[in-house]
Amino acid sequence: MTEPDIGIVGEWLHSYEEDTGDAEVYRPARHPFRPSRRPRRGLEFRADGTFVELRPGPADRPRPVTGRWHARESGVRVVFPEGGRVDLTVLSCQDGVLTIAK
């Protein structure tokens, strides 16, 4: 298993206003986002390999779903305990912007 990529460690919120046709853009949770009626999806990559996805839940409150992540040559693999996995292709992570392929 590859060691976690420290560059993506942290809590990221979806900046959907900046998405492109082939990429989703995330910014650090402390970023001064404009107010939005649409709930923001969140991704948290912890240095110990824990992954937390903040999904919209009841009454638009974030619902955390926890899994494990590890870096791969082609990006990041997230495995959830209830089964299932997601492969995320990280296009870039620099200057406070995490870009993931759609």
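In this report, the structure presented in the accompanying data block is examined. (Residues numbered from 1 in each chain as written. Predicted model: local features only at pLDDT ≥ 70, side-chain atom pairs only at ≥ 80, totals over all residues. Heavy atoms only, no water.)

**Considering the overall build of the chain**
Operational definition: A run of H or I in DSSP counts as a helix once it spans at least four residues, and a run of E counts as a strand once it spans at least two, with each numbered from the N terminus. Radius of gyration here is computed from C-alpha atoms only, and the compact-globule reference equals 2.2 Å multiplied by the residue count raised to the power 0.38. Burial classes follow relative accessibility: with a 1.4 Å probe on protein chains only, a residue under 20% of its type's maximum area counts as buried, one over 50% as exposed, and anything between as partly exposed. Contacts are assigned to residue pairs that have any heavy atoms within 4.5 Å of one another.
A tally of regular secondary structure across the chain gives 0 helices and 9 strands. The secondary structure elements of the chain, listed N-terminal to C-terminal, are β-β-β-β-β-β-β-β-β. Here the C-alpha atoms of the chain give a radius of gyration of 13 Å, agreeing with the 13 Å that 2.2 N^0.38 yields for 102 residues. The principal-axis extent of the C-alpha atoms belonging to the chain is close to 40 × 30 × 25 Å. In the chain, which comprises 102 residues, the share counted as buried stands at 39%. Here the analysis covers contacts within the chain between residues at least 6 apart in sequence; of these, 37% occur between residues at least 24 apart.

**Some words on the side chain of serine 15**
Turning to its location among the elements, serine 15 is positioned in the loop between strand 1 (10–14) and strand 2 (23–28). Judged by relative accessible area, serine 15 falls into the buried class, the value being 3%. Residue contacts for serine 15: discarding those within four places in its chain leaves Val25, Tyr26, Arg27, Phe33 and Arg40.

**A closer look at the pairing of strand 6 (residues 75–79)**
Successive residues of a regular strand alternate their side chains across the two faces of the sheet. The cut-off we apply is this: DSSP calls a pair of strands paired once it identifies at least 2 bridges connecting them.
Within strand 6, 4 of the 5 residues are buried, which leaves the element mostly enclosed by the surrounding structure. Counting the residues between successive antiparallel strands, the hairpin from strand 5 (residues 62–72) to strand 6 contains 2 residues. When strand 6 meets strand 7 (residues 85–88), the two strands line up antiparallel, connected through 4 bridges. Considered in strand 7, the bridge of valine 78 is made with valine 86. Between strand 6 and strand 7, which pair antiparallel and follow one another directly, the connecting turn spans 5 residues, one of which, glycine 83, has a positive phi of 105°.

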